[in-house]
Amino acid sequence: MFILQISTGAPINVMPRRGGYTPTRGGAADPWGPTIHHIRQRHGTDLRGISRNQTIVGRTMKALLGKDCTYNEDGSYSRPDDTGRYHYQPDGSIFYSGGTITTNTSVVRKGPMSLRNPSNPASNWDESNRGSTILAGTHNFNKLDLIPDGNGGFTKPGEGNTGRYLLQPDGSIFYEGGQLGGNPARAQTYNNGSYGSNPSYYVYMLSDGKLLYLKRKPTTSGGNEYEVEIYENGSWTKGLTTNSPRVTGSTDIQAGIRAIQSARTLYWGRPNLP
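Keep in mind that what you see is a predicted model, and the values were worked out from it rather than measured.

J.: Go over the overall build of the protein, please, and point to the residues and values.
T.: Helix and strand counts for the protein come out as 5 helices and 20 strands. Burial status across the protein gives 41% buried among its 274 residues. Residue pairs in contact within the protein that sit at least 24 positions apart in sequence constitute 42% of those at least 6 positions apart. Split by element, the accessible area of the protein, about 14,400 Å² in all, is 50% carbon and sulfur.

Here it is, written out as structure tokens:
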């Protein structure tokens, strides 16, 4: 889905330093501020697995930033004495927003940069034009406290949460539907800080990064069939239907078709597509 680029420069030491960290207290004008902040941070910390129920995101961020790292309400992470924030990105890389970084020996000023492969000790921070830009969908991904499911999609940890989340090309996130907090939840799109329940799109991102498009096509007999298009290698492969061998032989494509039909059914009460 994404092209990784490793910088040839020397790695930057961002290992944790000794010493504690005391969070800033809330202002007197809002006596509940510190309590609400603590509850939100604890909830996010639990979901992302920093304190317990370790997830891949929690393990990665603790290994990189140390056990004294903190979780922010926007889904980013902070380290004591580092002025910028660290963002776990949908492809598994880490983005640093820029600022000062305090190492064991000095304080250095660094612009935005990305660590492409945090699990590889030989992976370096990339400050090139590509590395200094946050990936599309990162803010939405973190705001929803998602973690990779290993199959190209994402899930929301926590009891009573089910259903897959899929990153779309425009950075929005498509939720296939399931349960949120134990309550039934319909298919919907998350973008710019809010959900939209009208699935006006019919594009599904497959696990290999290709895009699936499904639409209804009238037949000469007066019925309907579904036309399938797949975006790969810079263009759309057309002429496929739900009966095409490539479509019937792929469990990934079949899952995508079901997800689109389910989204349409949940919203309109019928599976017909335009």
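Next comes the rest of the description.
J.: I'd like a rundown of the pairing of strand E6 (residues 107-110), residues and numbers included.
T.: The pairing of strand E5 (residues 99-102) with E6 spans 4 bridges and is classified as antiparallel. When the bridges of E6 are listed, Ile-101 appears paired with Val-108. Connecting E5 to the next strand, E6, in antiparallel fashion are 4 residues.

J.: An account of the side chain of Arg-116 is needed here, citing residue identities and associated values.
T.: Examined against the element boundaries, Arg-116 turns out to sit in the loop between strand E7 (113-115) and strand E8 (125-126). At 3.4 Å, the side chain of Arg-116 forms a polar contact with the backbone oxygen of Arg-130.

J.: Mind laying out the packing of aromatic side chains, listing which residues take part and the relevant values?
T.: Overall, the coordinates contain 8 aromatic pairs when judged by the stated rule. Consider the rings of Tyr-88 and Phe-141, whose centres lie 6.2 Å apart with planes at 25°: the pair is stacked. Of the two residues, Tyr-88 is situated in strand E3 (residues 86-88) and Phe-141 in helix H3 (residues 138-143); the sequence distance between them amounts to 53 residues. One aromatic cluster is present, formed by Tyr-86, Tyr-96 and Trp-125 through successive ring pairs.

Procedures and definitions
- Residues numbered from 1 in each chain as written.
- Predicted model: local features only at pLDDT ≥ 70, side-chain atom pairs only at ≥ 80, totals over all residues.
- Heavy atoms only, no water.
- Helix = DSSP H or I, 4+ residues; strand = E, 2+ residues; numbered from the N terminus.
- Buried < 20%, exposed > 50% of the residue type's maximum accessible area, 1.4 Å probe, protein only.
- Contact = heavy atoms within 4.5 Å.
- Areas by Shrake-Rupley, 256 points an atom, 1.4 Å probe, with all protein chains shown as cover.
- Pairing = 2+ DSSP bridges.
- Polar contact = N/O pair within 3.5 Å; in protein donor to acceptor, adjacent residues only side chain to side chain.
- Phe/Tyr/Trp six-rings, centres within 6.5 Å; stacked < 30°, edge-to-face > 60°.

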